[in-house]
Amino acid sequence: MSKEFDVVVIGAGPGGYVAAIRAAQLGFKTACIDEWKNEKGGPAPGGTCTNVGCIPSKALLQSSENYEHAGHAFADHGIEVKGLSIDIKKMIARKDNVVKQNNDGILYLFKKNKVTFFHGRGSFEKAEGGVYSVKVAGAAEETITGKHVIVATGSNPRALPGAAFDEKLILSNTGALEIDAVPKKLGVIGAGVIGLEMGSVWRRVGAEVTVLEAMPTFLGAVDEQIAKEAQKLLAKQGLNINLGVKIGAITAGKKDVTVEYTDASGKEHKDVFDKLIVSIGRVPNTNGLNAEAVGLKLDERGFIAVDGDCKTSQPNVWAVGDVVRGPMLAHKAEEEGVAVAERIAGQHGHVNFNTIPWVIYTSPEIAWVGKTEQQLKAEGVPYKAGTFPFMANGRARALGDTSGMVKFLADAKTDEILGVHMVGPMVSELISEAVVAMEFRASSEDIARICHAHPSLSESTKEAALAVDKRSLNF
Ligand SMILES: Cc1cc2nc3c(=O)[nH]c(=O)nc-3n(C[C@H](O)[C@H](O)[C@H](O)COP(=O)(O)OP(=O)(O)OC[C@H]3O[C@@H](n4cnc5c(N)ncnc54)[C@H](O)[C@@H]3O)c2cc1C
């Protein structure tokens with residue numbers, strides 16, 4: 001096997017594997033190196049997203065939601081469920097199977113697109129004559145070369161000082177996705193996307209969940225009106241969310257973890273949990289990359305320093321995804337991967353950071369794109385707002401899920417859509433319409449004039465757009 005490549009990609013998460021496929025499609029001889037191992041020691045491409053992130057969390061969210069529906073919502077439909085129980089080991093095994101299907105899918109895509117895959121750790125050896133040598137160590141042991149290198153090595157969970165992850169009692173996302181029996185009392189530190197999603201999974205299957213968050217406001221990056229509505233709905237379900245706490249000592253015993261903290265009113269607490277999930281953010285992963293060998297610069301926070309085009313400090317070395325600045329989202333990583341491959345080919349790959357959607361897959365889901373109302377106020381941008389509650393949507397009533405709303409923010413003068421915010425059923429799917437509209441710089445009137453199928457949740461998007469001009473038809 002020839003070891004000289006046009007493009008070598010290090011990391012096969014959503015940033016890396018997609019970059020490798022696009023580079024191969026563009027005619028480059030491409031290699032992709034990834035070190036993730038499955039339980040048998042074999043390759044498990046797909047990175048954090050596929051193995052311990054997006055995919056397994058959504059599998060568990062679905063299983064736990066089905067269980068909750070069977071226990072509560074089904075009765076409203078006249079469906080009686082007797083002797084309801086959940087087999088957590090089976091739920092985890094199903095999740096593992098979903099992950100494996102995705103791992104295998106990526107290996108298949110590599111074959112189909114003629115990307116050469118190396119299972120092992122990739123580290124820079126040297127740069128010579130405009131060519132980079134990358135050592136592969138692991139199942140494959142060799143040195144390969146690339147004219148271009150794309151670094152897509154992702155991120156790792158951030159630990160709290162003094163509370164290292166043991167993945168048995170103090171869990172990162174990895175351990176949180178492997179719990180094999182419902183903990184009676186579960187603590188979650190960090191009310192961000194991961195904390196809320198994991199907290200929801202385990203609450204639905206019976207855990208008493210306490211979420212501890214240092215920030216005084218709930219989901220500070222989300223539009224305030226939407227965040228408040230979401231907080232109310234999640235609290236009603238039984239998620240005990242405490243904001244503005246100051247975490248003190250965390251002590252792992254033999255079977256439980258004690259967390260000392262001061263709440264927002266200054267009262268001191270000492271809570272004992274059967275498991276503790278710590279989800280306080282993630283740090284870029286450059287471990288073992290040997291970036292120094294080629295003089296690759298990192299920024300002050302440890303990310304690989306890149307410009308707006310994902311170019312690093314070294315010629316023809318690029319970096320994408322969680323290991324560089326910007327939101328840590330799988331689809332952001334993918335967009336950057338594609339754009340870089342196209343730039344290598346002399347095309348004009350582009351990532352529009354203003355139209356990257358965000359989704360939190362709680363129930364109800366929370367999704368948004370563009371500016372929040374508080375951002376527009378802070379920036380002094382004159383805007384008009386329109387909201388529409390799912391309570392007034394026929395499909396939502398038929399589904400039995402009328403919680404939440406859709407909110408449009410449009411420029412007061414031009415009517416261009418500046419932000420769309422949603423909390424409610426299936427808004428992870430509904431947000432795409434808003435993304436498309438904003439990519440085409442549509443006005444709220446454009447959406448208001450478009451025919452939406454009836455009855456559908458998407459009618460709420462049209463109605464919220466109509467509400468910008470105070471002419472909702474159904475509310
Ligand atoms: C619990 C959880 C849920 C999430 N849910 C969502 C979601 O719903 N939607 C969303 O958009 N995002 C979600 N994310 C975030 C998402 O997973 C990341 O943004 C995404 O995986 C980043 O992709 P990446 O390609 O940059 O890196 P990663 O996915 O981290 O992949 C990096 C890969 O590089 C490999 N690697 C690292 N160093 C080397 C080396 N030196 N040699 C060889 N291989 C190496 C790693 O083994 C890994 O396979 C979630 C994250 C978590 C933890």
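Residues numbered from 1 in each chain as written. Predicted model: local features only at pLDDT ≥ 70, side-chain atom pairs only at ≥ 80, totals over all residues. Heavy atoms only, no water.

Some thoughts on the overall build of the protein chain
Assigned secondary structure in the protein chain consists of 13 helices and 21 strands. Taken along its principal axes, the extent of the C-alpha atoms in the protein chain is 65 × 60 × 45 Å. The burial tally for the protein chain puts 51% of its 475 residues in the buried class. Pairs at least 24 residues apart make up 62% of the contacts formed inside the protein chain by residues separated by at least 6 positions. Here the protein chain displays about 22000 Å² of accessible surface, and carbon together with sulfur accounts for 51% of that area. Of the charged side chains in the protein chain, 53 are positive and 57 negative, and the gap between their average positions amounts to 2 Å. (Helix = DSSP H or I, 4+ residues; strand = E, 2+ residues; numbered from the N terminus. Buried < 20%, exposed > 50% of the residue type's maximum accessible area, 1.4 Å probe, protein only. Contact = heavy atoms within 4.5 Å. Areas by Shrake-Rupley, 256 points an atom, 1.4 Å probe, with all protein chains shown as cover. Lys, Arg positive; Asp, Glu negative; His and termini not counted. Charge placed at Lys NZ, Arg CZ, Asp CG, Glu CD.)

Structural notes on the sheet that holds strand β7 (residues 170–171)
The parallel open sheet is built from five strands, whose spatial order is β7-β14-β8-β9-β10. Only two strands of the sheet have a single neighbouring strand rather than two, namely β7 and β10 (240–242). Here five bridges tie strand β8 (residues 185–189) to strand β9 (residues 208–212), and the two strands are oriented parallel to one another. Within the sheet, the bridge partner assigned to G187 lies in β9 and is T210. (Pairing = 2+ DSSP bridges.)

Here's the deal with the UniProt feature "active site" (unreviewed entry) in the protein chain
Feature annotation in UniProt assigns "active site" (unreviewed entry) to the following positions: H454. Mapped onto the elements of the fold, H454 is located in the loop between α12 (444–449) and α13 (459–468). Among the polar contacts listed, one links the side chain of H454 to the side chain of E459, at a separation of 2.8 Å. (UniProt positions renumbered as here; feature names shortened; annotations may be inferred. Polar contact = N/O pair within 3.5 Å; in protein donor to acceptor, adjacent residues only side chain to side chain.)

Comments concerning unusual backbone geometry
For the bond running from S363 to P364, omega is 5 degrees, close enough to zero to count as cis. In this structure, P364 sits in the loop between β17 (358–360) and β18 (365–370). Cis geometry is found at the peptide bond from H454 to P455, where omega equals -10 degrees. In this fold, P455 is placed in the loop between α12 and α13. Look at C310: it is not a glycine, yet its phi comes out positive at around 70 degrees.

Re the site of the ligand
Lining the immediate surroundings of the ligand are 38 residues, of which D34, T48, K58, G122 and D322 lie closest. Contact between the ligand and E35: a nitrogen atom at 3.3 Å from a main-chain N or O atom of the residue. Bound to the protein, the ligand loses 95% of the 990 Å² it would expose on its own. Sorting the residues of the shell around the ligand by element identifies α1 (14–25), β2 (30–34), α2 (47–52), α3 (54–76), β3 (116–128) and α8 (330–344) as the ones contributing at least two each. Broken down by element, the residue count for the shell around the ligand peaks at four residues, all from α2. Looking at the shell around the ligand residue by residue, the classes come out as 15 nonpolar, 17 polar and six charged. (Near = heavy atom within 4 Å. Nonpolar A, V, L, I, M, F, W, Y, C, P; charged D, E, K, R; others polar.)

Section: the pattern of salt bridges
In total, this model carries 22 salt bridges according to the counting rule given. One salt bridge connects E373 with K377, and the closest N-O pair in it is separated by 4.0 Å. With E373 and K377 both in helix α9 (residues 373–379) and four residues apart, this pair spans about one turn of that helix. Across the pair E373 and K407 runs a salt bridge whose closest N-O atoms are separated by 2.5 Å. Of this pair, E373 sits in helix α9 while K407 sits in strand β20 (residues 405–411), and the two are 34 residues apart along the sequence. (Salt bridge = Lys/Arg side-chain N within 4 Å of Asp/Glu carboxyl O.)

Things to note about the pairing of strand β12 (residues 257–262)
When strand β11 (residues 246–252) meets β12, the two strands line up antiparallel, connected through five bridges. Bridge pairing in β12 links I250 to V259. Pairing of β12 with strand β13 (residues 268–273), which is carried by six bridges, proceeds in the antiparallel orientation. In the strand pairing of β13, E260 is matched with K270.

Looking at the environment of A152
Along the chain, the position of A152 falls in the loop between β5 (142–151) and β6 (155–157). The spatial distance from the C-alpha of A152 to the C-alpha of I304 is 9.9 Å, given a sequence separation of 152 residues.

With respect to a nonpolar patch on the surface
A cluster of nonpolar side chains, contributed by F74, I79, V81 and L84, occupies part of the molecular surface with about 290 Å² of accessible area. Mapped onto the elements of the fold, V81 is located in the loop between α3 and α4 (88–112). Residue classification places V81 among the partly exposed residues on the basis of a relative accessible area of 36%. (Patch = residues over 30% accessible without salt bridge, like charges linked within 9 Å, V, L, I, M, F, W, Y side chains within 5 Å.)

Here we look at the layout of surface pockets
Each pocket or cavity is described by its volume, and for the second largest pocket that value is around 470 Å³. The wall of the second largest pocket is formed by 19 residues, among which N38, E39, N51, V99 and N103 lie closest to the centre. Elements represented by at least two residues in the lining of the second largest pocket include exactly α2 and α4. Per-element tally for the lining of the second largest pocket: the top contributor is α4, with eight residues. Residue classes in the lining of the second largest pocket are distributed as six nonpolar, five polar and eight charged. (1 Å grid on protein atoms, 1.4 Å probe; cavity = no way out; pocket = protein on both sides within 12 Å on 5 of 7 lines; lining within 4 Å. Points joined across faces, edges and corners; volume = space filled by probe spheres on them.)

Thoughts on the packing of aromatic side chains
Applying the stated criterion across every chain, the model contains five aromatic pairs. Considering the side-chain rings of W358 and W368, the 5.6 Å spacing of their centres and the 5 degrees angle between planes classify their relative orientation as stacked. With W358 in strand β17 and W368 in strand β18, this residue pair connects regions lying ten residues apart in the sequence. Taking the relative accessible area as the measure of exposure, W368 reaches 7% and is therefore buried. A cation over a ring is seen here: K29 above F5, with NZ or CZ 4.8 Å from the ring centre. (Phe/Tyr/Trp six-rings, centres within 6.5 Å; stacked < 30°, edge-to-face > 60°. Lys NZ or Arg CZ within 6 Å of the ring centre and 35° of its normal.)

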